[in-house]
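Secondary and tertiary structure notes
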Amino acid sequence: GMLRRGLAQQSAGVLALDSERRGVQTALQDLLAQRNAASRAIGEVKARGEDTSALMADVAGHKDSIRVAEENERDVTGRIETLLAGLPNIPAADTPDGGDESANIEVRQWGSAPDFDFPAKEHFDIGEALGLMDFGKAAKISGSRFVVLTGALARLSRALGAFMLDLATSDGGYEEVVPPILARDAAVFGTGNLPKFGDDLFRTEDGLWLIPTAEVPLTNLVRERIVNAADLPLRYTALTPCFRSEAGAAGKDTRGMFRQHQFDKVEIVSIVAPEEAEAEHERLTACAEEVLRRLGIHYRVVALCTGDLSFASRKTYDLEVWLPGQGRYREISSCSNFGDFQARRMRARFRPEGEKGTRFVHTLNGSA
């Protein structure tokens, strides 16, 4: 799986560390066996009434060696855990192979691109001309990559959020949630945003993270829980502000409402039994598509290749809408199946009916 992501070196590093740990564990077990043998010998020598001082010194010597070996084992185990935490999910068998977005595969289209008899304007040209979209005022308050919407555009933004939530809760069957938008390290680690992607996020002075998406709190609703199988699937939706540092966005989309530090988004999250995950992925994607269909927006569905897949995902469909002002498709929603990758990091499980043990749930999400 790591080979398909081009991470052969990291895979080799894990295997090398695992081999080192096995060697350390074997050495520790040998030392423990020697100490136990010496301890038994002391008992036998004592029973014969003989001097045990030499054997006692031997056992004391083993104590220091064992302490060092235990420290070595903790050290190598910590290094393995750190390396494993930075390894991405294994791509699904039907995720296309490829190095970058040029290898993504178009799955289907809906509608057709509007044909204007005039040059189409960018959204910011229209918004600024109407006096309802202002990047200059936002910059005075907060700096670049912020916007102030007023009047009819502010109302439109609010109406779209309500429309998307209503569609997700009625037709989609998602339960509406108002979650916290500040999250602890463990919650952000659980969805795969930490430890590798801390630079993409904003952090408060008391150590909480501003969420980059409602995926973080919604998915963590099942963290460290054992869910009853009868309660699956769990489906949640939320409209929240999202915050992203856009650390690597220098020179990209410097105008307009792309790559903003703050934006509102309706998210949908599904938590399901493993055998339901693939069907749920198609269902979740269809829910997101329905929003665009109701709005009459031309779009296409693209299956991401291994080189364009996000860290935590095993399979992703991007919904790309046609922007007349740019004359191209742009990604507006990612609908992803994470398998048990996030569940393992969150320790989120379910108990199948009639079984004693537990299994990890599978998680999915998308922008609705």
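Look up a bit, the structure's there.
These remarks concern the structure in this document.

Calculation rules
Residues numbered from 1 in each chain as written. Predicted model: local features only at pLDDT ≥ 70, side-chain atom pairs only at ≥ 80, totals over all residues. Heavy atoms only, no water. Helix = DSSP H or I, 4+ residues; strand = E, 2+ residues; numbered from the N terminus. Rg over C-alpha atoms; globule rule 2.2 N^0.38 Å. Buried < 20%, exposed > 50% of the residue type's maximum accessible area, 1.4 Å probe, protein only. Contact = heavy atoms within 4.5 Å. Areas by Shrake-Rupley, 256 points an atom, 1.4 Å probe, with all protein chains shown as cover. Lys, Arg positive; Asp, Glu negative; His and termini not counted. Charge placed at Lys NZ, Arg CZ, Asp CG, Glu CD. Salt bridge = Lys/Arg side-chain N within 4 Å of Asp/Glu carboxyl O. Expected span 1.5 Å × (residues − 1). Pairing = 2+ DSSP bridges. Disulfide = S-S within 2.5 Å. Core = buried A, V, L, I, M, F, W, Y, C linked by side-chain atoms within 4.5 Å. Axes fitted to C-alpha atoms, helices over the stretch in contact; angles between N-to-C directions. Parallel < 35°, antiparallel > 145°, perpendicular 65-115°, else oblique. Left-handed = near helix turned anticlockwise from the far one by under 90°. Nonpolar A, V, L, I, M, F, W, Y, C, P; charged D, E, K, R; others polar.

What the chain contains, in helices and strands, is nine helices and 16 strands. Taken against the 2.2 N^0.38 rule, which gives 21 Å for 368 residues, the C-alpha radius of gyration of the chain at 27 Å runs more than 25% over that of a compact globule. Here the C-alpha coordinates of the chain stretch approximately 105 × 50 × 40 Å along the principal axes. Here the chain, with 368 residues, has 41% of them falling under the buried criterion. Here the analysis covers contacts within the chain between residues at least 6 apart in sequence; of these, 72% occur between residues at least 24 apart. Of the roughly 19700 Å² of accessible surface on the chain, a fraction of 51% belongs to carbon and sulfur atoms. Computed over 45 positive and 54 negative side-chain charges, the separation of the two mean positions in the chain equals 2 Å.

So, about the pattern of salt bridges. Charged atoms that come close allow side chains of opposite charge to pair. In the structure shown here, the tally under the stated rule is 24 salt bridges. Three or more residues are tied together by salt bridges with common partners; here these are Asp18, Arg21 and Arg22.

One turn of the α-helix equals 3.6 residues, which is why residues spaced by three or four share an orientation. Taking 1.5 Å of rise per residue, 40 residues should cover 58 Å, and helix 1 (residues 8-47) covers 59 Å from first to last C-alpha, within 8% of that figure. All buried positions along helix 1 are accounted for by Val14, Leu17, Val24, Leu28, Leu31, Ala38, Ile42 and Val45. Structurally, helix 1 contributes buried residues whose contacts are with helix 2 (53-85). Trailing helix 1 by a residue or two, Gly49 shows a phi angle of about 75°, which is positive.

What follows covers the sheet that holds strand 8 (residues 226-228). Across the sheet, which stays open at both edges, the three strands sit in the order 8-14-15 with mixed pairing between neighbours. The sheet is open, and its two edges are formed by strand 8 and strand 15 (359-360), each paired on a single side. For strand 8 and strand 14 (residues 349-351), the ladder comprises three bridges, and the chain directions are parallel. Each residue of the ladder has a partner; that of Val227, found in strand 14, is Phe350.

A few words now on the state of the cysteines. Under the criterion given, the structure shown has zero disulfides. Its sulfur unpaired, Cys242 is 15 Å from the next cysteine sulfur, which belongs to Cys335. Exposure remark for Cys242: the relative accessible area of 0% places this residue in the buried category. Cysteine Cys287 is unpaired, with the sulfur of Cys335 as its nearest cysteine sulfur at 9.0 Å.

On to the nonpolar core, then. What tends to happen in soluble globular proteins is that the nonpolar side chains get buried as a cluster. In this structure, Ile268 and Leu284 are the most contacted members of the largest nonpolar core, which totals 22 residues. Where this core is concerned, the elements lending two or more residues are helix 5 (151-169), strand 10 (262-272), helix 8 (277-294), strand 11 (299-303) and strand 12 (315-323). What Leu284 contacts, discounting residues up to four positions off in sequence, is Tyr174, Ile268, Ser270, Cys335, Leu364, Asn365 and Gly366. Leu218, Leu232, Ile271 and Ala343 belong to the second-largest nonpolar core, a separate cluster that totals 17 residues.

As a further point, take the sheet that holds strand 9 (residues 234-243). Read across the open sheet, the eight strands follow the order 1-11-12-13-16-10-9-4; overall the sheet is mixed. The open sheet has two edge strands, strand 1 (105-110) and strand 4 (175-176), and neither has a second partner. Where strand 4 and strand 9 come together, two bridges link them in parallel fashion. Residue pairing for strand 9: Glu176 is matched across the bridge by Thr237. Most of the contacts of helix 8 go to strand 12, to which it runs at about 10°, and overall it touches strand 1, strand 9, strand 10, strand 11, strand 12, strand 13 (328-337) and strand 16 (362-367).

So, about the environment of Tyr317. Inspection of the secondary structure puts Tyr317 in strand 12. As a C-alpha pair, Tyr317 and Glu282 span 35 residues in sequence and 9.2 Å in three-dimensional space. Residues contacting Tyr317, with those up to four places away along its chain left out, are Val107, His281, Glu282, Thr285, Val301, Val302, Ala303, Ser333, Ser334 and Cys335.

A separate point is the packing of helix 5 against helix 8. Two numbers describe how helix 5 lies on helix 8: the axes approach to 10 Å, and their chain directions differ by 135°. The orientation of helix 5 with respect to helix 8, classified from their angle, is oblique. Taken as a pair, helix 5 and helix 8 cross one another with a handedness that is right-handed. Only Glu290, Val291 and Arg294 of helix 8 make contact with helix 5, whose side of the interface consists of Phe163, Met164 and Leu167. Of the residues in the contact of helix 5 with helix 8, the class split is four nonpolar, no polar and two charged.

All right, on to the packing of helix 1 against helix 2 then. For any two helices packed against each other, one specifies the crossing angle of their axes together with the interaxial distance. One can describe the packing of helix 1 onto helix 2 by two numbers: an axis separation of 9 Å at closest approach and a directional angle of 160°. Taken together, helix 1 and helix 2 sit at an angle that is classed as roughly antiparallel. Once helix 1 is placed against helix 2, the crossing between them reads as left-handed. Looking at side-chain class alone, the contact of helix 1 with helix 2 contains 19 nonpolar, nine polar and eight charged residues.

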